[in-house]
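Here is how the chains run, residue by residue.
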Amino acid sequence: MQTLTRRAALGAALLAPLAAPRAVNAQGGTAAQARLVVIGGGFGGASAASFARRRFPWMEVTLVEPKTRFVTCPYGNLVIGGTKRIDDISHGYDGLRARGVRVVHDWASGIDANARTVRLAGGQTLTYDRLILSPGIALRWGAVEGYDEAASEVMPHAWVPGDGAQTALLRRQLEAMPDGGVVGIAIPGNPFRCPPGPYERISMIASYLKRHKPRSKILALDAKDAFSKQGLFQDAWAELYPGLIEWVPANRDGRVVRVDARERVLETEFGEKHKVAVANVIPPQSAARIAIEAGLADNSGWVPVNPVTFESRAAPGIHVVGDANIPGPMPKSGYIANSTAKQAVASAAASLRGEAPPTALYYNTCYSHVGDEYGISVVGIFRPNADGTAIVEVPNSGGVSPRGNLPEQRRLEAIYADAWYDSITRDMFA
Amino acid sequence: MSALRPMLQRALLASLLATPLAPAAAQAPLSAEGCYGCHGPGGTGAGGIPAIAGRAAAELRAQMLAFRANERPGTIMGRIARGYTDAEIAAMAEHFAQIRR
């Protein structure tokens with residue numbers, strides 16, 4: 001009798017680990033009701049989906065992303081400069097599928113926050129217990145007069161990679177430009193996706209021009225008077241590309257207000273018209289349309305969120321991460337999207353279990369390539385304040401790379417930048 | 001029966017080792033997850049950025065504290081270490097120490 005019991009007990013123990021772990025949520029339901037839907041398969045969404053499966057395997061995760069291949073914004077500037085190809089910065093979703101994420105390649109066409117459903121363009125409706133919305137940005141067509149979607153086929157923005165066509169277009173235009181041409185770049189005011197991005201782009205184009213079309217120039221027309229890592233960028237430009245780059249701040253009439261796509265003219269605030277050979281227009285931006293149509297954005301066009309859980313102020317249970325939200329002092333960066341996505345997922349999981357959200361820490365390191373073996377960085381570490389009403393930078397932490405003649409620092413940071421890209425894309429997609 | 005029991009025990013052990021319960025890397029404190037974006041998934045390293053997984057906890061903690069106190073020169077870790085509390089550094093060190101590379 002005892003032997004039989006022991007054998008039966010061993011048998012039961014054998015079978016137990018094979019059963020799916022069951023968690024009971026606050027509503028008393030089982031794992032089958034812990035449905036996490038993620039809209040957007042970029043830095044925020046892919047990070048959220050991967051992290052959720054890794055850490056909370058009792059959650060069913062569905063990721064909605066129209067593209068079958070994600071082309072990153074980061075390192076797009078290296079494709080534009082000619083040192084990388086689109087394939088180098090493209091990532092598929094099979095890794096997430098292998099983790100048990102159900103990847104649906106479709107557009108999310110609408111969110112019903114009351115019913116907790118997401119409608120897909122193809123007709124399907126998904127029901128969620130918690131929603132992670134990471135839809136990225138929309139470009140505000142017409143905010144620069146004359147700059148609409150048609151104009152972007154002639155004057156690319158290359159600021160929403162999509163299938164990579166915009167990035168590839170700008171690169172082709174640079175390759176086709178004769179030596180001596182002027183490359184014009186129109187840079188928007190704050191807030192916009194990736195604060196140092198336009199200046200890394202200037203650097204990578206300058207590197208290409210210096211090597212292949214040395215009589216050419218870059219005219220950077222900025223709606224701002226200052227920019228991220230400015231001292232470091234300008235030191236590097238003076239050292240590496242003297243005379244090649246002219247940066248015009250807003251207070252010297254740098255703000256582009258109108259373009260003529262056919263004539264390739266960038267017109268600034270006080271009526272100055274700049275005819276250029278290649279024009280890159282980075283227009284003003286807002287949260288992606290789905291966030292606005294769901295009523296989550298405020299008058300600024302961006303989504304206010306809870307500093308601890310990243311739930312939309314307009315809709316509990318919908319966590320908005322990535323560039324679409326209002327991040328307080330944090331930049332709109334890929335690393336911030338990755339970091340806040342994990343806090344959002346952990347907060348969603350906690351709320352499903354009736355627990356308080358975890359202590360939050362948000363983390364950013366942003367590398368920029370300025371030239372060959374020349375990288376610079378900015379670090380930012382942030383937390384919610386004591387009463388959870390705002391996000392603040394941790395005092396005495398973070399900051400930019402040191403200025404000065406530091407070739408080994410620059411060489412190492414270029415190496416670290418490449419390793420960052422590899423690491424974070426593996427964290428997202430592998 | 002005498003042949004069955006060792007077989008059952010080996011099978012039980014094997015199934016426990018193959019359990020879908022999360023491995024150590026999936027239970028990282030959230031503060032440690034931030035390290036993965038540079039140091040690789042699970043801190044196992046990437047390209048020119050060294051692995052932090054599998055190193056002695058005392059050493060990892062001492063390095064982070066040295067960076068934080070500006071006593072150890074570095075390209076970037078000082079700026080990073082100054083963002084973390086003593087407790088977070090200790091927890092991260094313990095976490096990465098237990099991950100096999």
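Look above for the structure.
Residues numbered from 1 in each chain as written. Chains lettered and ligands numbered in written order. Predicted model: local features only at pLDDT ≥ 70, side-chain atom pairs only at ≥ 80, totals over all residues. Heavy atoms only, no water.

**Some remarks on the overall build of chain B**
Applicable threshold: By the criteria applied, helices consist of DSSP H or I runs no shorter than four residues and strands consist of E runs no shorter than two, each listed in order from the N terminus. Burial status follows relative accessibility: with a 1.4 Å probe on protein chains alone, a residue under 20% of its type maximum counts as buried, one over 50% as exposed, and anything between as partly exposed. When checking whether two residues touch, look at their non-hydrogen atoms; a contact exists if any pair is within 4.5 Å. Each accessible area is a Shrake-Rupley estimate made with a 1.4 Å probe; only the visible protein chains count as cover when residues are assessed.
A tally of regular secondary structure across chain B gives 5 helices and 0 strands. Start at the N end of chain B and walk to the C end: the helices and strands fall as α-α-α-α-α. Relative to its 101 residues, chain B shows a buried fraction of 45%. Sequence-distant contacts in chain B: of pairs separated by 6 or more residues, those separated by 24 or more amount to 52%. Entry remark: accessible area of chain B is about 5,100 Å², with carbon and sulfur atoms responsible for 60%.

**A look at the overall build of chain A**
Heads up, the rule is: Atoms counted for the radius of gyration: C-alpha only. Globule rule: 2.2 Å times residue count to the power 0.38.
Check the secondary structure of chain A and you find 10 helices and 24 strands. Here chain A has a C-alpha radius of gyration of 24 Å; the compact-globule value for 430 residues is 22 Å, and the two agree. Each of the three principal axes of chain A carries a C-alpha extent, and together these read 95 × 45 × 40 Å. Within chain A, contacts between residues at least 6 apart in sequence are counted, and of these 64% link residues at least 24 apart. Carbon and sulfur atoms make up 51% of the accessible area of chain A, which totals about 17,200 Å².

**Digging into the side chain of H274 of chain A**
Residues and elements named next belong to chain A. Tracing the chain through its elements places H274 in strand β16 (residues 273-275). On the accessibility criterion, H274 (18% relative accessible area) is buried. Excluding anything up to four places from it in sequence, H274 contacts L219, L221, R264, V265, L266 and T268.

**A short note on the nonpolar core**
Residue and element names in this part refer to chain A. The condition that has to hold: The criterion is simple. A nonpolar core is a set of buried Ala, Val, Leu, Ile, Met, Phe, Trp, Tyr and Cys residues joined through side-chain atoms within 4.5 Å.
Grouped together as the largest cluster of nonpolar side chains are 140 residues, with contacts concentrated most on M59, I218 and W237. Take this core: its biggest share by element is 10 residues, from helix α9 (residues 334-352). Apart from residues no more than four positions distant in its own chain, W237 is found in contact with Y199, I202, S203, F227, P242, I245, W247 and V370.

**Some remarks on helix α7 (residues 230-240) of chain A**
By the burial criterion, the buried members of α7 of chain A are Q230, G231, L232, F233, A236, W237 and L240 of chain A. At its buried positions, α7 of chain A is contacted by α6 (197-212), β13 (245-248), β21 (362-371), β22 (374-384), β24 (399-400) and α10 (407-429) of chain A.

**Remarks on the state of the cysteines**
Threshold: Criterion for a disulfide: a pair of cysteine sulfur atoms at a distance within 2.5 Å.
A complete count under the given rule lists 0 disulfides over all chains for this structure. You can see C194 of chain A has no disulfide; the closest cysteine sulfur is in C366 of chain A, sitting 5.4 Å from it. In this model C38 of chain B remains outside any disulfide bridge; the closest cysteine sulfur is found in C35 of chain B, 9.0 Å from its own. Since its relative accessible area comes to 8%, C38 of chain B is described here as buried.

**Points about the environment of P66 of chain A**
Its place among the elements puts P66 of chain A in the loop between β2 (60-64) and β3 (69-71). Once you skip the residues sitting within four places of it in the chain, P66 of chain A turns out to touch H105, D106 and W107 of chain A.

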